[in-house]
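# Observations on the model geometry
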Amino acid sequence: TQLLEQSPQFLSIQEGENLTVYCNSSSVFSSLQWYRQEPGEGPVLLVTVVTGGEVKKLKRLTFQFGDARKDSSLHITAAQPGDTGLYLCAGTMEYGNKLVFGAGTILRVKS
Amino acid sequence: DSGVTQTPKHLITATGQRVTLRCSPRSGDLSVYWYQQSLDQGLQFLIQYYNGEERAKGNILERFSAQQFPDLHSELNLSSLELGDSALYFCASSVGGLASETQYFGPGTRLLVL
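Before going into details, it helps to say that this report is about the structure given with it.

Each value, and the rule that gives it
- Residues numbered from 1 in each chain as written.
- Chains lettered and ligands numbered in written order.
- Predicted model: local features only at pLDDT ≥ 70, side-chain atom pairs only at ≥ 80, totals over all residues.
- Heavy atoms only, no water.
- 1 Å grid on protein atoms, 1.4 Å probe; cavity = no way out; pocket = protein on both sides within 12 Å on 5 of 7 lines; lining within 4 Å.
- Points joined across faces, edges and corners; volume = space filled by probe spheres on them.
- Helix = DSSP H or I, 4+ residues; strand = E, 2+ residues; numbered from the N terminus.
- Nonpolar A, V, L, I, M, F, W, Y, C, P; charged D, E, K, R; others polar.
- Contact = heavy atoms within 4.5 Å.
- Buried area = accessible area lost by both parts, 1.4 Å probe.
- Salt bridge = Lys/Arg side-chain N within 4 Å of Asp/Glu carboxyl O.
- Polar contact = N/O pair within 3.5 Å; in protein donor to acceptor, adjacent residues only side chain to side chain.
- Pairing = 2+ DSSP bridges.
- Axes fitted to C-alpha atoms, helices over the stretch in contact; angles between N-to-C directions.

Before going further, it helps to examine the layout of surface pockets. One number sums up the size of the largest pocket: a volume of about 680 Å³. Along the walls of the largest pocket sit 28 residues, with Q37 and L86 of chain A together with Q37, S38 and L39 of chain B positioned nearest its centre. Residue assignment for the lining of the largest pocket shows that the elements contributing at least two residues are β9 (85-93) of chain A together with β4 (31-38), β5 (42-50), β9 (87-94) and β11 (109-113) of chain B. A class-by-class count of the residues in the lining of the largest pocket yields 11 nonpolar, 13 polar and four charged. The volume enclosed by the second largest pocket comes to roughly 240 Å³. As for the second largest pocket, its lining consists of 16 residues, of which G42 and V44 of chain A together with D1, S2 and F105 of chain B are closest to the centre.

This is the structure we're talking about:
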């Protein structure tokens, strides 16, 4: 059982569509991070959120941390083929110094 | 390029063997983290070293061990290898000792155990 549940597992959309990826848990996290990983490479950090209710925007990407710090979402507006990749959420719990990863969402954006 | 280097990029070995994976962190980073990524388990934290000392331990098997040297590079030793150890092994580094800090991942070592 994953501590962080990501959904959907796989998403295939057309260029220009919007999408949302969810990361949920029954546990409270002191911080939540989103990574993007391309084939053959290591994950690259996109954003870190630390405050319940926090919203961060990175160009066409919007990240939200739930008020109770148990969930997060990643919204992509007008997806482009370059957004294709594996999106991972990861969190650190209030007591502990380990980064726990979700299983990931594979996103494919078709042109 | 994250600035983290890992060698070798690929490794093919047989069951029962022992291998060593090497990681050089970004210049100035004191923490090194090791992760295992497989299709069925996803990305799993193994162990963290901070300035030469073990800082945190995750789901690391007893057959696996790691160390961080005075020049801050790190090695992950995998022994008595089993088929199920086939995976991508990533090293990451960060400036300080908190896992919530930005971690920079290397390109990984792909291990295949036959």
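Once that is clear, we can look at the interface of chain A and chain B. Quoted interface sizes are often the accessible area lost when the parts come together. Taken together, the 18 residues of chain A in the interface contact 22 residues of chain B. Counting each side, the surface lost to burial between chain A and chain B is near 1400 Å², with a carbon and sulfur contribution of 53%. In terms of surface lost to chain B, no three residues of chain A exceed N97, L99 and F101 of chain A, which account for 35% of the buried area on that side. Between the two partners, chain A and chain B, sit zero salt bridges. Along the contact surface separating chain A from chain B lie six residue pairs in polar contact (both at pLDDT 80 or more). Of all the elements in the fold, those that place two or more residues in the side of chain A that touches chain B are β4 (29-37), β5 (44-49), β9 and β10 (99-101) of chain A. Ranked by residue count, the leading element in the side of chain A that touches chain B is β4 of chain A, at four residues. Taken together, the residues of the side of chain A that touches chain B sort by class into seven nonpolar, nine polar and two charged.

Moving on, we come to the sheet that holds strand β3 (residues 19-24) of chain B. Residues and elements named next belong to chain B. Here we have four strands laid out as an open sheet, ordered β1-β3-β8-β7, and antiparallel in their pairing. Looking at the sheet topology across the chains shown, the edges are occupied by β1 (5-7) and β7 (64-68). Sheet twist, expressed as the average angle between the axes of neighbouring strands with direction ignored, equals 15 degrees. Looking at chain direction, β7 and strand β8 (residues 74-78) are connected through five bridges and run antiparallel. Its bridge partner being in β8, F64 is matched across the sheet by L78.

What is shown is where atoms sit, not what they do.
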